[in-house]
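Examination of the molecular architecture
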Amino acid sequence: MSDRLAVLPQYLIPKQALTVLAGKLASAKAGGLTTSVIRWFVGRYGVNMAEAANPDIASYASFNDFFTRPLKAGARPLAQADFLCPVDGAISQFGRIDRDQIFQAKGHSYSTHALVGGDRDLAIQFQDGEFATLYLSPRDYHRIHMPCDGRLTRMIYVPGALFSVNPTTARGVPGLFARNERVVCVFENDEIGPFVLVLVGATIVGSMATVWHGQINPPRPGKIQEWDYAAGQVTLKKGDEMGRFLLGSTVVMLFPKKRLRFTPEWTPTRAIRMGEAMGSR
């Protein structure tokens, strides 16, 4: 079956309604039923609870509490590198931005302009720069950390579709990551200049949250929303937590031209862990 044919049902199903329902169920505190669902999920996806700060499945009041669980101290040591991998998951794609085009999958690319919600002045800062698209599967740790030091300058909520973001969908849906709902977080670093972390929503991703704002969606207002931050208002260090997904998705990062050289060990589809070396200046 071709990838385009495989994703056809996603055009037809009520993705937003399913996502709203999933968000309500994931936040419900249903006692033994919640514990049973978590236990099934752990077994189905092979979640390593030995890494969790709290490995007791029965102690989580809601599925969301379990899904966004912190890891125990030392579970993700930080490498001695200029840039760290911000998440657990797998590399979807990474490399050079071709003028303003980001490679999605064979036959598909999308523009930085579209990804950041139509802000040309922001997008042009990443012309011929570097990007990385990182996919978080259901089994992964779902907190997002900083790849390097950064001062937050802006956050942009961009409404959009809620397609799945798995590899098959990335191959079958044109412009997927600039099409789905997303939260664009713009940072400034003294040595590399601006960089962006984009949190991409997906089917049944109940919400996305950042450490400075809390839950961003829902609500889903259906229009772009922006927040500006004064210098020094939000400053995060390399390795600090910056956000999380309530049910998994994808992070897309943008860096300016000639600021990042990816480590030779990185290849598409490779499994990654938060805190490992991602690259150097």
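This text follows the structure it describes.
Please read these numbers as outputs of a predicted model, since none were measured by experiment. (Residues numbered from 1 in each chain as written. Predicted model: local features only at pLDDT ≥ 70, side-chain atom pairs only at ≥ 80, totals over all residues. Heavy atoms only, no water.)

Focus: the side chain of Thr68
Structurally, Thr68 can be placed in the loop between helix H5 (63–67) and strand E1 (83–84). For Thr68, a relative accessible area of 8% puts it in the buried group. Ignoring sequence-local partners within four residues, the contact set of Thr68 consists of Arg143, Arg244, Phe245 and Leu246. (Helix = DSSP H or I, 4+ residues; strand = E, 2+ residues; numbered from the N terminus. Buried < 20%, exposed > 50% of the residue type's maximum accessible area, 1.4 Å probe, protein only. Contact = heavy atoms within 4.5 Å.)

So, the pairing of strand E5 (residues 130–135)
Most of E5 is tucked away, with six of its six residues classed as buried. Two elements, strand E2 (residues 89–96) and E5, share six bridges in a ladder whose sense is antiparallel. For Arg96, the partnering residue across the bridge sits in E5 and is Glu130. Sheet topology note: the E5/strand E15 (residues 250–255) ladder contains six bridges and is antiparallel. Note that in E15 the partner of Tyr135 across the bridge is Thr250. (Pairing = 2+ DSSP bridges.)

Considering helix H4 (residues 32–45)
For the α-helix, the turn length of 3.6 residues means that residues three or four positions removed from each other point alike. The end-to-end C-alpha separation of H4 is 20 Å, in line with the 20 Å expected for 14 residues at 1.5 Å each. For H4, the secondary structure elements touched by its buried residues are H5. Gly46 lies just past H4 and shows a positive phi near 65°. (Expected span 1.5 Å × (residues − 1).)

Things to note about the sheet that holds strand E18 (residues 277–280)
Read across the open sheet, the three strands follow the order E1-E18-E16; overall the sheet is antiparallel. Looking at the sheet topology across the chains shown, the edges are occupied by E1 and strand E16 (261–262). Bridge count between E16 and E18: two bridges; the pairing is antiparallel. Of the residues in E18, the one forming a bridge with Phe262 is Gly279.

Description of the layout of surface pockets
Of the pockets and cavities examined, the second largest pocket occupies roughly 270 Å³. When contributions to the lining of the second largest pocket are tallied by element, the ones reaching two or more residues are E2, strand E3 (101–105) and helix H8 (167–172). Ranked by the residues each element gives to the lining of the second largest pocket, the list is headed by E2, at four residues. Within the lining of the second largest pocket, the residues separate by chemical class into 10 nonpolar, five polar and two charged. (1 Å grid on protein atoms, 1.4 Å probe; cavity = no way out; pocket = protein on both sides within 12 Å on 5 of 7 lines; lining within 4 Å. Points joined across faces, edges and corners; volume = space filled by probe spheres on them. Nonpolar A, V, L, I, M, F, W, Y, C, P; charged D, E, K, R; others polar.)

A few points about the packing of aromatic side chains
Centre distance and the angle of the planes are the two values used to describe a pair of aromatic rings. According to the stated counting rule, one finds 17 aromatic pairs in the structure shown. Between the aromatic rings of Phe187 and Phe195, the centroid separation amounts to 5.3 Å while the plane-to-plane angle is 15°, which identifies the pairing as stacked. Geometrically, the ring pair formed by Phe195 and Phe255 is stacked, given 5.8 Å between the ring centres and 15° between the ring planes. With Phe195 in strand E9 (residues 193–200) and Phe255 in strand E15, the pair connects residues that are 60 residues apart, well separated along the chain. Each member of the pair, Phe195 together with Phe255, is buried. An aromatic cluster of three or more residues is present, and its members are Trp40, Phe41, Tyr45, Tyr60, Phe63, Phe66 and Phe67. One cation-aromatic arrangement involves Arg44 over Tyr45; the distance from NZ or CZ to the ring centre is 4.9 Å. (Phe/Tyr/Trp six-rings, centres within 6.5 Å; stacked < 30°, edge-to-face > 60°. Lys NZ or Arg CZ within 6 Å of the ring centre and 35° of its normal.)

Examining unusual backbone geometry
The backbone of Arg99 shows a phi angle near 60°, a positive value even though the residue is not glycine. Relative to the helices and strands, Arg99 is located in the loop between E2 and E3.

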